[in-house]
Each structure stands twice: as C-alpha cells, then as structure tokens.
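Letter by letter, the chains look like this.
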Amino acid sequence: MFCPNCGCSNLSQYPANRPVADFFCVECGDDFELKSQSKAFGRKVADGAYSTKIDRLSSNNAPNLILLQYDKLDRVVLNLSVIPKFFFVPEVVEARKPLSASARRAGWIGSNILLEKIPLSGRIPVVKDGKVLDRSVILEEWCSLRFLERRAVKGRGWLLEVMNCLERIGADEFSIADVYKFEEHLKSAYPDNNNIRPKIRQQLQILRDNGVLDFLGGGRYRKRILLHER
C-alpha cells in the first residue's frame, strides 16, 4: 500500500511484536498500525497497552490506523480504510479491565479504540466493496483534514465532537440552531465547560476557516467537504 500522508509508493514493515506500530513510511516517517478481521468493524476495536497508547498520543506521535476487512475463503480484501493519527485523542481510547491475578500478565491494562467517537470523515476509504479507489482522491481527502494536526491534542477533542454532531445532522445545509440541539450531548462529554454555545460557535469558525464549511450568513452553514456517511 502507498502512504496516504505523502504519497510514497509503498509502506515498510516493522519487525514483529513492535508496540503500537506495524508499518512505516520511509519518506515522511509516519507510522501505521494495522487491525484486520473478517467481519465489519463495529463500535470499538481492541488495541494494545493503554499506557503505551496514551503516551504516544501525549507525544503527538501516534500511528495512523489501518482497518482491513478480508474474505478468508476467497483471500481478498473487501474493505480497507485509514484513520489519520490526528483523529486520535484521549477521548477515543478506552482502558479495558486489568487482567486477573491468575493471568500470565496479571494486572496488565489493554485498551479499546472507540471508533464510534471518530467522525466518519476520518475513515478515509482505500478499498471499498473490493474495489481499489482512486489514489489522488485519497491523498486529497487526507490533505483536506491536515488542519487538525496543527491543533493541540487537548483541544482537538472538542473539534471532533462537533464534527460528529454535524455528521448526524445529515443535510448539507444547516443552521446554528441545528447544532445547538446537541448542547446536552456536548455538556455530558465536557461537564466542566459552562459555555457550550460559545464553544460550538468557536469550533464552527475553525471548520469554516479551514475550508470544511461555508458560512452563508444569518446563522446558516453549508458543508463543503467530507462530513458525510461513508
């Protein structure tokens, strides 16, 4: 597979059992973690050690995630998508219960990646229903989302939550009142924030300034890129 970050023609494989990452790009240095299974991916996917994952997020050096669904009988790839590393924030990583005292690695705490908390626009398809998609379109989609990488990990969670809300609206055009309907949801996600509506407006402005939304005036917006169901 080519690197969706820089377009390098192929990814290189790390030695087996390396924590967090499986592949890397020799051109840009990005790491990639692979998760593969025969069934479609659901709300979450099991991952490695929780502490290791969180440490990588804190250092802003998380790997990109490749999700691969295959048909074992026919030995073909059915679907493959890549989630850029800048979609990973602590809010999308869940700690699993520690292993029991009788387990070989007693007390070890694994993690789950909560795919349901990642905007659908963050799952960039490379293979869909067995068909390889256009490489230039994949690179363009990746590039259109890179503004997230320039934002601190701590503040990125809010932006992703608002992007999730916009996807749930469905229509290409919407009003700020439509986004305010998610106020209680956002309050439950960030209970210490008492200025939810100003925070919503701030995130919409960031999305507008980075070409994701068009501001139409009168409190109305239009989605320009992504923010749609895959």
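Residues numbered from 1 in each chain as written. Predicted model: local features only at pLDDT ≥ 70, side-chain atom pairs only at ≥ 80, totals over all residues. Heavy atoms only, no water.

Trainee: Which parts of the structure should I look at to understand the environment of R56?
Mentor: Of note, R56 is situated in helix α1 (residues 50–58). Judged by relative accessible area, R56 falls into the buried class, the value being 15%. Taking C-alpha positions, R56 is 8.6 Å from V20, a pair spaced 36 residues apart along the chain. With residues near it in sequence (within four places) discarded, R56 still touches P19, V20, D31, N61, A62 and P63. (Helix = DSSP H or I, 4+ residues; strand = E, 2+ residues; numbered from the N terminus. Buried < 20%, exposed > 50% of the residue type's maximum accessible area, 1.4 Å probe, protein only. Contact = heavy atoms within 4.5 Å.)

Trainee: Sorry if this is basic, but what is going on with the pattern of salt bridges here?
Mentor: Side chains bearing opposite charge may pair, as long as their charged atoms lie close to each other. The final tally for this structure, using the stated rule, is 16 salt bridges. Between R56 and D31 there is a salt bridge, with the nearest N and O atoms lying 3.2 Å from each other. Placement of R56 in helix α1 and of D31 in strand β3 (residues 31–37) is noted, with a sequence separation of 25 residues between them. Take R56 and D31: they sit in the same class, and that class is buried. Here K181 and D178 are joined by a salt bridge, their closest N and O atoms 3.8 Å apart. The exposure class of D178 is partly exposed, given its relative accessible area of 22%. Here the residues in one salt-bridge network are D30, K85, R146 and E149, joined through shared partners. (Salt bridge = Lys/Arg side-chain N within 4 Å of Asp/Glu carboxyl O.)

Trainee: What should I look at first to understand the layout of surface pockets in this one?
Mentor: In this approach, a probe sized like a water molecule rolls over the atoms, and the result shows the empty space that is left. Here the second largest pocket is characterised by a volume of approximately 300 Å³. Contributing to the lining of the second largest pocket are 16 residues, with R18, P19, V20, G48 and A49 lying nearest its centre. For the lining of the second largest pocket, the elements supplying multiple residues, two or more each, are β3, β4 (44–49) and α1. Its residues assigned to classes, the lining of the second largest pocket comprises six nonpolar, three polar and seven charged. (1 Å grid on protein atoms, 1.4 Å probe; cavity = no way out; pocket = protein on both sides within 12 Å on 5 of 7 lines; lining within 4 Å. Points joined across faces, edges and corners; volume = space filled by probe spheres on them. Nonpolar A, V, L, I, M, F, W, Y, C, P; charged D, E, K, R; others polar.)

Trainee: What should I look at first to understand the nonpolar core in this one?
Mentor: By size, the foremost hydrophobic cluster in this structure holds 59 residues, and its most contacted members are F87, L204 and L207. Where this core is concerned, the elements lending two or more residues are α1, β5 (64–71), β6 (76–83), β9 (124–128), α2 (135–144), α3 (153–169), α4 (176–180) and α6 (196–209). Residue contributions to this core peak at eight residues, all from α3. Beyond its immediate stretch of four places on either side in the chain, L207 contacts F147, L159, V162, M163, L166, V212 and L213. (Core = buried A, V, L, I, M, F, W, Y, C linked by side-chain atoms within 4.5 Å.)

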